[in-house]
Amino acid sequence: MYWEWWIMRYIPFPRSPTIKVILYLALENLMNKRDKITQTTDVPQELVFVKYKLNTSGPYSVKYRGYEYSLLRDELTERDKLFLLCSICEGVMIEATMCGATFSCDVCVPSGSDVIPVFPTRKTISELCSRCPLYLRGCKWVGTLATVLNHVEKCDYLFTACPLGCSDAMLQKNILEHVESNCNERTISCDLCDMPIVAKCLPEHLDVCPQFTIQCNECQENLFRKDLSDHNSNICLYRPVECRYAKYGCREKLVYVQLNQHILENTEVHITLLESSH
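Residues numbered from 1 in each chain as written. Predicted model: local features only at pLDDT ≥ 70, side-chain atom pairs only at ≥ 80, totals over all residues. Heavy atoms only, no water.

Student: Any chance you could explain the confidence of the model for the chain here in plain terms?
Tutor: Low pLDDT means the predicted atomic positions in that stretch should not be read closely. Model confidence for the chain is summarised by a mean pLDDT of 77, while 76% of its residues fall at 70 or above. Predicted confidence is poor over residues 1-14, with pLDDT under 50, and the contacts of this stretch with residues over four places away or in other chains come to 28 contacts. (pLDDT = per-residue confidence, 0-100. Contact = heavy atoms within 4.5 Å.)

So this is what it looks like as structure tokens:
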């Protein structure tokens, strides 16, 4: 087991049988205390990671400065826990060290303490099979603790802000769909005129879009907005017009569709106006 190997190789004490027996009893006592702690302490089921290690905010707990035990895919034996779990934060050790007769994370040891780096244990921990800290959100990634930090920083199940600056937050795996289809800040082309616009501005754009179909208020004909001015001036049958004899004094108010009928019905009046002007 681990403790026998440590006694022989890494504990800085003389290799006398008496010292070894004393150290053995001390380690056994420590292991028994560890067993009682693990039996009476509930391990939180929520995620789970080292905030200072990730240098980020999000769904991580700062209760553990080491890796949270629930990250491990496989259960550890009670003896393995003694040498792989930090005696201070109770997480799986990050940068395992030995301080006195206890094992702990390097960052958990009080400053100024004499510590010994435990490189074999660090290697053992780095090779433990781990799942993603965001497994409760659905991430199926499985790897080693040595690679879990690299994975979680780019995990598809991290919540992230919209890169275009809208107020929405989404899982990283949904960013592409959001940016292309749902984000109000994305640039789209108007279906009518192909002008590039920001999606949230589409209603305002349709109020001025030249290709938007509108209805003439006079004749009720449907036409493009860009053609409305010409329609009102030159095409609409109900546009206001003057009588051809207005310059001679005809003051009749007409629309275009009435003009010919007006001229036919008022021939004598128009002749009189014409003669009186000479």
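Text resumes after the structure shown.
Student: Got a minute to help me understand the environment of L72 in this structure?
Tutor: With respect to the element layout, L72 can be found in the loop between α3 (51-54) and α4 (78-84). The exposure class assigned to L72 is buried, which follows from its relative accessible area of 6%. Here the alpha-carbon distance between L72 and P133, two residues 61 residues apart in the chain, equals 9.6 Å. (Helix = DSSP H or I, 4+ residues; strand = E, 2+ residues; numbered from the N terminus. Buried < 20%, exposed > 50% of the residue type's maximum accessible area, 1.4 Å probe, protein only.)

Student: Help me understand the nonpolar core, please; the structure alone is not making it clear to me.
Tutor: Buried together is how nonpolar side chains tend to be arranged in soluble globular proteins. Grouped together as the largest cluster of nonpolar side chains are 25 residues, with contacts concentrated most on Y67, V92, I125, L128 and L145. At the level of elements, α4, β1 (96-99), β2 (102-105) and α6 (145-152) are the ones that each hand at least two residues to this core. Apart from residues no more than four positions distant in its own chain, I125 is found in contact with L84, V92, M93, A96 and L145. Ranked by size, the runner-up nonpolar core spans seven residues in total, among them C132, C155, Y157 and L171. (Core = buried A, V, L, I, M, F, W, Y, C linked by side-chain atoms within 4.5 Å.)

Student: Can you help me understand the layout of surface pockets in this one?
Tutor: Any empty space left between the atoms is revealed when a probe the size of a water molecule rolls over them. Considering only enclosed or pocket space, the second largest pocket measures out at about 170 Å³ in volume. Around the second largest pocket, the lining residues are Y67, M93, I94, E95, R122, I125, S126, L145, A146, L149 and N150. Looking at the lining of the second largest pocket, the elements that each hand over two or more residues are α5 (119-126) and α6. Here the residues of the lining of the second largest pocket are counted per class, giving seven nonpolar, two polar and two charged. (1 Å grid on protein atoms, 1.4 Å probe; cavity = no way out; pocket = protein on both sides within 12 Å on 5 of 7 lines; lining within 4 Å. Points joined across faces, edges and corners; volume = space filled by probe spheres on them. Nonpolar A, V, L, I, M, F, W, Y, C, P; charged D, E, K, R; others polar.)

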